[in-house]
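Breakdown of the fold
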Amino acid sequence: MSTVAPAHHAAGVACGILALSFAAAPAPGTNRAQLRFVDVAARSGLTFRHDNAASPEKYLIETMGAGAAWIDFDEDGWLDAYLVNSAPTKVYQPDQPLRSALFRNNGDGTFSNVTARAGVAAEGLFGMGVAVGDYDNDGDQDLFVVGYRRSILYRNDGDGSFTDVTDRAGVANRDKWGSSGAWFDYDNDGRLDLIVVNYLDWTPETNLYCGERRPGYRAYCHPNKYRGQTMTLYRNRGDGTFEDVVFSTKLGYETFQTSGFGTRFVDYDNDGRLDVFVVNGHVMDNIELFHAKTTYAEPKLIFRNLGGHFRNVTRQLGPDLSRAKVSRAAAFGDYDNDGDEDVLVSNNGDQAELLRNDGGNQRSWLQVRLVGVKSNRDGIGASVVVRANGLDQRDQRTGGGSYQSAHDPRLHFGLGTSDRADSVEVRWPSGTIDRLENVPANQAITVREGQGLVRTPRRGVRPTPRSANAPYQ
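Attention here is on the structure that accompanies the text. (Residues numbered from 1 in each chain as written. Predicted model: local features only at pLDDT ≥ 70, side-chain atom pairs only at ≥ 80, totals over all residues. Heavy atoms only, no water.)

**Some remarks on the overall build of the chain**
For the record, the criterion: Helix and strand definitions here come from DSSP, where helices need a minimum of 4 consecutive H or I residues and strands a minimum of 2 consecutive E residues; each element is numbered from the N-terminal end. Every residue pair with non-hydrogen atoms within 4.5 Å of one another is taken to be in contact. Using the Shrake-Rupley algorithm and a 1.4 Å probe, accessible areas are obtained, with residue cover drawn only from the displayed protein chains.
Secondary structure assignment for the chain yields 4 helices and 33 strands. Nonlocal contacts in the chain, meaning residues at least 24 apart in sequence, comprise 64% of its contacts between residues at least 6 apart. Total accessible area computed for the chain in this model is approximately 19300 Å², and 49% of it derives from carbon and sulfur atoms.

What follows is the structure, given as structure tokens:
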């Protein structure tokens, strides 16, 4: 059923913070098989290692990257992975070229590196974050790679390749240290706009010496040694070009500074309660010289929501979570389409990790993909409310989140022991409301604005992965 409501609300946007609300859920069960996260990056072929361009000069850009994203670039229903890399500097010249990487999901638990064919290596860009969105409303996902001194917009050509349209689009963000980016439709005109969060006014020429002047004690400077930079807001003109409207919208007069790295509310065990997943890593590589109990590499943390309080369950979910890393980005998505959320982690100067969720799908779940018609095609800004067993869960489709990350475009809801959702309600930025009733659990559904439930064409279907539940629809 579709009805139209007054478009009196503005689309909410949160760069780095995903706002979700939920009611009380039934008490979690205790008799079930062990759940754990397992790093399967190497065995799956996702062999990416970030080079942080570390040098004795302690350039601040060395310790701040880099990003990770899930993107279904070929629209086959399987999440592909994109990982951002750095670039040479005045004081660091690597033996091999540094390139970001796109890995195609083969649908059998493995990935293939298709960077060269796709044309998205971003070679020469000291990359930071990444944002995914269909800015031209042509039905496929485009890629914006955020970087130091410039950024790159790759338009998805729909044939497995991308074209660098940065200069034509006018979104290079030149001479700024772009950290993170997100797509959203701020003026509600049905076209995705782009916000870039810029960090500090730092250059190699203004690099300061911080720490003690003895061997091994030079440190990365605290960010308060430098001036902050204003964010950039690019308005989508609808003709393939953008204009910077940050000051005309008055956003340029506000500053936002955040601390911490990849963090997200995620229902990792599908019990209907949102848990907290955090990846960590200090910014000073010799911090232990100054604080004996603090280390550069740090373990990840998962706090399970027990209904009113949280419990640190990291050690219960496998040794890979407790292994100390200098982690930055954490991109969440169900890459193997088995009904639970996995995590792609980008580690500074180290191998990426693909943390496959083994056992989270023992409880029921529902994934919702949105296709806008009057609103932007990605449905960014739309809110979804799923009701099951008296529990209301609310989520919003955003164009970016966490730190330097882009996530699964499908919204994921854990349904606990319920075999269906009593209702699914989608409120679109245009004001249109779509409502579905009695939706079976353990499937991914597509909701088209004003039309309701539709089937997704099964393009390029490949073998069903291990432990998959219902087929992708």
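**What to know about the sheet that holds strand E22 (residues 327-333)**
To be explicit about the condition: Only strands that DSSP links by at least two bridges are regarded as paired with each other. Interaxial angles span 0 to 180 degrees and are taken between N-to-C directions of axes, which are lines fitted to C-alpha atoms, for helices over the stretch in contact.
Taken in spatial order, the 4 strands line up as E3-E24-E23-E22 in an open sheet, and their pairing is antiparallel. Bordering the open sheet on either side are strand E3 (36-39) and E22, each of which pairs with just one other strand. Pairs of neighbouring strands in the sheet enclose a mean axial angle of 25 degrees, with direction left out of account. By the bridge criterion, 3 bridges tie strand E23 (residues 342-347) to strand E24 (residues 353-358) in an arrangement that is antiparallel.

**A few points about unusual backbone geometry**
Note the cut-off: The buried label applies to any residue whose accessible area, calculated with a 1.4 Å probe on protein chains only, is under 20% of its type's maximum; exposed applies above 50%, and partly exposed to all values in between.
Cis geometry marks the peptide bond from glycine 65 to alanine 66, where omega comes out at 10 degrees. Relative to the assigned elements, alanine 66 resides in the loop between helix H1 (41-44) and strand E4 (68-71). At glutamate 75, a residue that is not glycine, the phi angle is positive and equals roughly 55 degrees. Along the chain, glutamate 75 falls in the loop between E4 and strand E5 (80-83). With a phi angle near 55 degrees, asparagine 438 is a residue other than glycine that sits in the positive phi range. Examined against the element boundaries, asparagine 438 turns out to sit in strand E31 (residues 432-440). Classification of asparagine 438 as partly exposed rests on a relative accessible area of 47%.

**Let's talk about the pattern of salt bridges**
Let me state the cut-off plainly: A pairing counts as a salt bridge when a side-chain nitrogen of Lys or Arg comes within 4 Å of a carboxyl oxygen of Asp or Glu.
A complete count under the given rule lists 30 salt bridges for this structure. Across the pair aspartate 350 and arginine 49 runs a salt bridge, and its minimum N-O distance is 3.2 Å. On the criterion of sequence distance, the pair formed by aspartate 350 in the loop between E23 and E24 and arginine 49 in the loop between H1 and E4 is long-range, its members being 301 residues apart. Residue classification places aspartate 350 among the buried positions, given a relative accessible area of 19%. A relative accessible area of 47% means that arginine 49 is categorised as partly exposed. When the shortest N-O distance is used, the salt bridge between glutamate 205 and lysine 90 registers 2.2 Å. On the criterion of sequence distance, the pair formed by glutamate 205 in the loop between strand E13 (193-198) and strand E14 (210-211) and lysine 90 in the loop between E5 and strand E6 (101-105) is long-range, its members being 115 residues apart. Residue classification places glutamate 205 among the exposed positions, given a relative accessible area of 56%. Relative accessible area serves as the criterion here: at 64%, lysine 90 is assigned to the exposed category. Several salt bridges converge on common partners, so that one network encompasses Asp39, Lys300, Asp320, Arg323 and Glu353.

**Some words on the state of the cysteines**
Cut-off, in case you're wondering: Pairs of cysteine sulfur atoms within 2.5 Å are what we label disulfides.
According to the stated counting rule, one finds 1 disulfide in the structure shown. Note on cysteine connectivity: cysteine 210 is disulfide-linked to cysteine 221, with sulfurs 2.0 Å apart. Handedness here is read from the sign of the S-S torsion; for cysteine 210 and cysteine 221, about 100 degrees, the answer is right-handed. Taken together, the residues cysteine 210 in strand E14 and cysteine 221 in the loop between strand E15 (218-219) and strand E16 (232-236) connect sequence positions 11 residues apart.

**Looking at the pairing of strand E29 (residues 411-416)**
With respect to burial, E29 is a largely interior element, 6 of its 6 residues being buried. Examined bridge by bridge, strand E25 (residues 364-371) and E29 share 5 bridges and lie antiparallel to one another. Bridging across to E29, serine 364 finds its partner in glycine 416.

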